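Structural characterization, general
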Amino acid sequence: MTATTYAATNTRPNWGGSDADLDIHLEAYEGDIDGSFRVESLFRSSSLTNFKSVADRSNTWRGDRVGGVTVKGRKSGVALDSQRQVNEKFLITVDTTSYIRTTVDYQDDWTAPDFQAETSAEHGSAHAKSFDQAHVIQLIKCGSWVAPADLKASGSFYDGITKTMTGYAAATDAEVKADLIVKAHKDVLADFVKRDLGGSLSEFITLIEPDAFNVLLDHKKLMNIEFAGVEGSGNNFVMRRVAWLNGCRVIETPRFPTAAITDHILGPGFNVTAAEAKARLIVFHPRKTLVTVEAKPMTVRVWDDEKEFNNVLDSFTMYTVGIKRGDAVAVIVTD
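1. Quick look at the pattern of salt bridges
One pass over the full model with this rule turns up twelve salt bridges. For Asp187, the salt bridge identified is with Lys183, shortest N-O distance 3.0 Å. Of the two residues, Asp187 and Lys183 both sit in helix α5 (residues 174-194), four residues apart, roughly one turn of that helix. The exposure class of Asp187 is partly exposed, given its relative accessible area of 24%. Classification of Lys183 as partly exposed rests on a relative accessible area of 48%. For Glu209, the salt bridge goes to Arg280, with nearest N and O atoms at 3.7 Å. Taken together, the residues Glu209 in the loop between β8 (205-208) and α6 (210-216) and Arg280 in strand β11 (residues 279-284) connect sequence positions 71 residues apart.

2. Concerning the side chain of Gln138
With respect to the element layout, Gln138 can be found in helix α3 (residues 116-141). You can call Gln138 buried: its relative accessible area is 8%. Beyond its immediate sequence surroundings of up to four residues, Gln138 is in contact with Gly269, Phe270, Leu290, Val321, Gly322 and Ile323.

3. Some details on the confidence of the model for the protein
A low pLDDT score tells you not to read the predicted coordinates there in detail. Scored by pLDDT, the protein has a mean of 89; 93% of the residues are at 70 or more. Confidence over residues 33-37 falls short of pLDDT 50; this stretch has five contacts with residues more than four positions distant or in other chains.

4. Things to note about the sheet that holds β8
As summarised here, the arrangement of the six strands in space is β7-β14-β11-β8-β10-β9, forming an open sheet in which the pairing is mixed. The outermost strands of the open sheet, each flanked by one partner alone, are β7 (161-165) and β9 (244-245). With four bridges joining them, β8 and β11 adopt antiparallel strand pairing. Following the sheet pairing, Thr206 is matched in β11 by Val283. Where α3 meets the sheet, its contacts fall on β8, β11 and β14 (329-334), and the angle it forms with β11 comes to roughly 85°. Lying on the sheet, α5 is in contact with β7, β8, β9, β10 (248-252), β11 and β14; it crosses β7 at an angle near 155°.

About the thresholds
Residues numbered from 1 in each chain as written. Predicted model: local features only at pLDDT ≥ 70, side-chain atom pairs only at ≥ 80, totals over all residues. Heavy atoms only, no water. Salt bridge = Lys/Arg side-chain N within 4 Å of Asp/Glu carboxyl O. Helix = DSSP H or I, 4+ residues; strand = E, 2+ residues; numbered from the N terminus. Buried < 20%, exposed > 50% of the residue type's maximum accessible area, 1.4 Å probe, protein only. Contact = heavy atoms within 4.5 Å. pLDDT = per-residue confidence, 0-100. Pairing = 2+ DSSP bridges. Axes fitted to C-alpha atoms, helices over the stretch in contact; angles between N-to-C directions.

Listed below in structure tokens is the structure:
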């Protein structure tokens, strides 16, 4: 385009340099600060684990497991047979502190707005994500849980359940994938009934990762009001909601590991293999499955490191997640 006759000599406020081509405008800052999306812990807020505290007492929590007994019969005059009830203890040890430390040099703090509230919120979200994923990882570990031999022999404990959705990875039709999810889910519930957990199936929770949740929305029966009963199931395609599946409450969560983890902050017991990272759904009984042992509740501390001329924001907690019994869990994975 053709320039005006004054273009070369115009005085341009807030444009520096001999040619007035260096932008030196002041930013119109109004204190708007964007950060990570805020996250609250699912496992803390929804009571999906059993909390135990060892604070100021020990680093180890103990639980006990007992085996079943067998009904016998006798005729008149026949001696009674006694039987031993098997019992075992299991231990969960807390040995790692989860923490975040943020430091700000005094001089940077003196010459900038205060971000402490936003930084604290970032800490909270990060801890919530880490806490929930640790629990999801332990639930996935339950799929390969092996019951103690003597308790298993008593008929009261079983091995964990891992169900593979054969054909899921290769399927291109969402309805086919949705059918595979629903069928696998029904099958593991039948396994729970065979383990005498049928009376508490309504207490089971199904965690599902977002991509599998999207697939479920294409299931014809699940989203059809004709199959939802008189009062409805709470499932709604328009509202992108799947609240119930085969009588179990469904909770979507992005905390499923999507790749192998080799250096988890809580130690090697929380590392994830590539096979375990294929988990898409977890069906579990909250009261019977996990134990969260806490030695130090979440603590936030702001302090001055005068020697280093820094303000320090620390947030830390000391906990671990153990398996109470892995036979009340089923992990559904892709092939």
